[in-house]
Amino acid sequence: MTWETVIGLEVHMQLRTASKMFCACSTAFGDPPNTNVCPVCLGLPGALPVPNAHAIRLAARAALALECTLHHRSVFARKNYFYPDLPKGYQISQFDRPLATDGVVRFESATRGPVSVTIQRLHIEEDAGKSLHDRIPGRTAVDLNRAGVPLAEIVSGPDLRSPTEARAWLTVLRQILLYTGASDCSMEQGSLRVDANLSIRRPGETALGTKTEVKNMNSFANVERALEAEFARQAALLEGGRPVRQVTLLFDAGAGTVTPTRAKEDSHDYRYFPDPDLLPLVLTPAWETEQR
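Residue positions are counted from 1 within each chain, in the order its sequence is given. Given that the model is predicted, a residue must reach a pLDDT of at least 70 before its local features are reported, and side-chain atom pairs must reach 80 or more before they are shown or counted; all residues, however, enter totals for whole chains, interfaces and linings. Think of the side-chain values as coming from all heavy atoms in the structure, minus any hydrogens and water.

The subject of this paragraph is the packing of helix α2 (residues 163–180) against helix α3 (residues 220–239). To define axes, lines are fitted to C-alpha atoms, for helices over the stretch in contact only, and angles between the resulting N-to-C directions are given on a 0 to 180 degree scale. Secondary structure is summarised from DSSP: a helix means a run of H or I of at least four residues, a strand means a run of E of at least two, and numbering begins at the N terminus for each. Running from amino to carboxyl end, α2 crosses α3 at an angle of 155°, the nearest separation of the two axes being 8 Å. With respect to their mutual orientation, α2 and α3 come out roughly antiparallel. The two elements α2 and α3 cross, and the hand of that crossing is right-handed. Contacts between α2 and α3 involve Pro163, Thr164, Ala166, Arg167, Leu170, Thr171 and Arg174 on the former and, on the latter, Phe220, Ala221, Val223, Glu224, Leu227 and Glu228. Angles are sorted into four bins: roughly parallel if under 35 degrees, roughly antiparallel if over 145, roughly perpendicular if 65 to 115, and oblique for all others. Handedness of a crossing follows from how the near helix is turned relative to the far one, being left-handed for an anticlockwise turn of less than a right angle and right-handed for a clockwise one. Residue contacts are counted whenever heavy atoms from the two residues lie within 4.5 Å of one another.

Quick look at the structure:
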């Protein structure tokens, strides 16, 4: 049977700053665990966040390079979930009022020729810490050095039609981001991470199928391989008369397989609300002109 693949990507780019998004702690890579932390990024009572102006400039520069509309008023929100590497119990992000929307990245597809991929949104957020599963036998350790590191999340539309296209588009996107100087885009150091959403449908159909999300792949080659594996998994389910469920998956690069880990959340599961400790982010037209 013939299926059409529909792919959208979420790219998390670490902004190239010396300090974190809401405090003065260092963003240096490779320092000893839990040394670049303070009451703000540890979420201790009474500690208040202060936005990093340079991170905002870098995110705006990237948004303009991606031909986005830069909004002069955006809002920081709390994204609530509970995980050991998230000390506050929420992540400061942006939800319904992001920094920028409606951009485009053009690239050359080997099968379809010139393709324009929409950028639905670019928003600013802080990173979580890192769970370490190989330090203590039988236990999971947590390093909070990354907690609070500034990120820009770039969300594409469902405009890609094959894993090969996804890899080619990511290559072009990385070139643009490197040119702006907003990030060093090092996948080896975790400053560029990709989550991929994939669904399949019959050619000619317009409705989208049930999408799944493959998270935190560490190379563009593995993004392509993971999407190929997930396409094969979904096709086998549907051809066997079984439904595709909305789940989050992890890719095993050694085995070349994807494994469902949990049901995929919807936005309401995170109970977003404006962060009461942060005023709306207001940018003037003159400030925007300076970034161009």
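Time to look at the state of the cysteines. Disulfide: a covalent bond formed between the sulfur atoms of two cysteine residues. Note on disulfides: each one is a pair of cysteine sulfur atoms within 2.5 Å. Taken as a whole and assessed by the stated rule, the structure comprises 0 disulfides. Among the cysteines around cysteine 41, which has no disulfide bond, cysteine 25 carries the closest sulfur, lying 3.8 Å off. Unpaired in terms of disulfides, cysteine 185 finds its nearest cysteine sulfur in cysteine 68, a separation of 15 Å.

What follows is about the pairing of strand β13 (residues 247–252). In this structure, β13 lies alongside strand β14 (residues 257–263), joined through 6 bridges in antiparallel fashion. In the sheet register, phenylalanine 251 faces β14, and the bridge partner there is valine 258. Whether two strands pair depends on DSSP finding at least two bridges between them. Where β13 folds back onto β14 in an antiparallel hairpin, the turn is made up of 4 residues, including glycine 256, whose phi is positive at roughly 70°.

Relative to the elements of secondary structure, asparagine 197 occurs in strand β11 (residues 192–201). Among the polar contacts made by the side chain of asparagine 197, one reaches the side chain of glutamate 10 at a distance of 3.1 Å. Identification of polar contacts relies on pairs of N or O atoms within 3.5 Å, with a donor-acceptor requirement for protein atoms, meaning one able to donate a hydrogen and the other able to accept it, and with residues adjacent in sequence counted only if both atoms are side-chain atoms.

Summarising the element assignment, arginine 262 is placed in strand β14. Here the term buried applies to any residue with accessible area under 20% of the maximum for its type, exposed to any over 50%, and partly exposed to those in between, with areas from a 1.4 Å probe on protein chains only. On the basis of relative accessibility, which here comes to 38%, the residue arginine 262 falls in the partly exposed class. Once the C-alpha coordinates of arginine 262 and threonine 164 are considered, the two residues, 98 residues apart in sequence, prove to be 27 Å apart. In contact with arginine 262, other than residues within four places in its own chain, are Lys215, Val247 and Thr248.

So, on to the pattern of salt bridges. Should a side-chain nitrogen of Lys or Arg be within 4 Å of a carboxyl oxygen of Asp or Glu, the pair is scored as a salt bridge. For the structure shown, the criterion picks out 14 salt bridges. Taking the shortest distance from any N to any O, the salt bridge between glutamate 4 and arginine 161 comes out at 3.8 Å. In this pair, glutamate 4 sits in strand β1 (residues 4–14) while arginine 161 sits in the loop between β10 (150–156) and α2, placing the two residues 157 residues apart along the sequence. Linking glutamate 230 and arginine 233 is a salt bridge whose minimum nitrogen-to-oxygen distance equals 2.7 Å.

On to the nonpolar core, then. Only buried residues count toward a nonpolar core, which is a set of Ala, Val, Leu, Ile, Met, Phe, Trp, Tyr and Cys residues joined through side-chain atoms within 4.5 Å. Formed by 68 residues in total, the largest nonpolar core has its most connected members in Leu9, Leu70, Leu122, Trp169 and Leu170. With 8 residues, the top contributor of residues to this core is helix α1 (residues 53–65). In this view, leucine 9 contacts Ile154, Val155, Ser156, Leu160, Ala166, Trp169, Leu170, Val194, Asp195 and Ala196; residues no more than four positions away in its chain are not counted.

Moving on, we get to α2. To estimate the expected span of a helix, count its residues, drop one, and scale the result by 1.5 Å. Over its 18 residues, α2 extends 26 Å from the first C-alpha to the last, a length consistent with the 26 Å expected when each residue adds 1.5 Å. Listed as buried for α2 are Pro163, Glu165, Ala166, Trp169, Leu170, Leu173, Leu177 and Thr180. Along the long axis of α2, the arc covered by the buried residues comes to 135°, so they all point the same way. A positive backbone phi angle near 80° is found at glycine 181, which sits one or two residues after α2. To be clear, the arc concerns the directions from the helix axis to the C-beta atoms.

In this section: unusual backbone geometry. A positive phi is found at asparagine 34, a non-glycine position, where the angle reads about 60°. Among the structural elements, asparagine 34 can be located in the loop between β1 and α1. Positive phi, close to 50°, is recorded for arginine 271, a residue that is not glycine. With respect to the helices, strands and loops of the structure, arginine 271 is situated in the loop between β14 and β15 (273–274). Owing to a relative accessible area of 44%, arginine 271 belongs among the partly exposed residues under this scheme.

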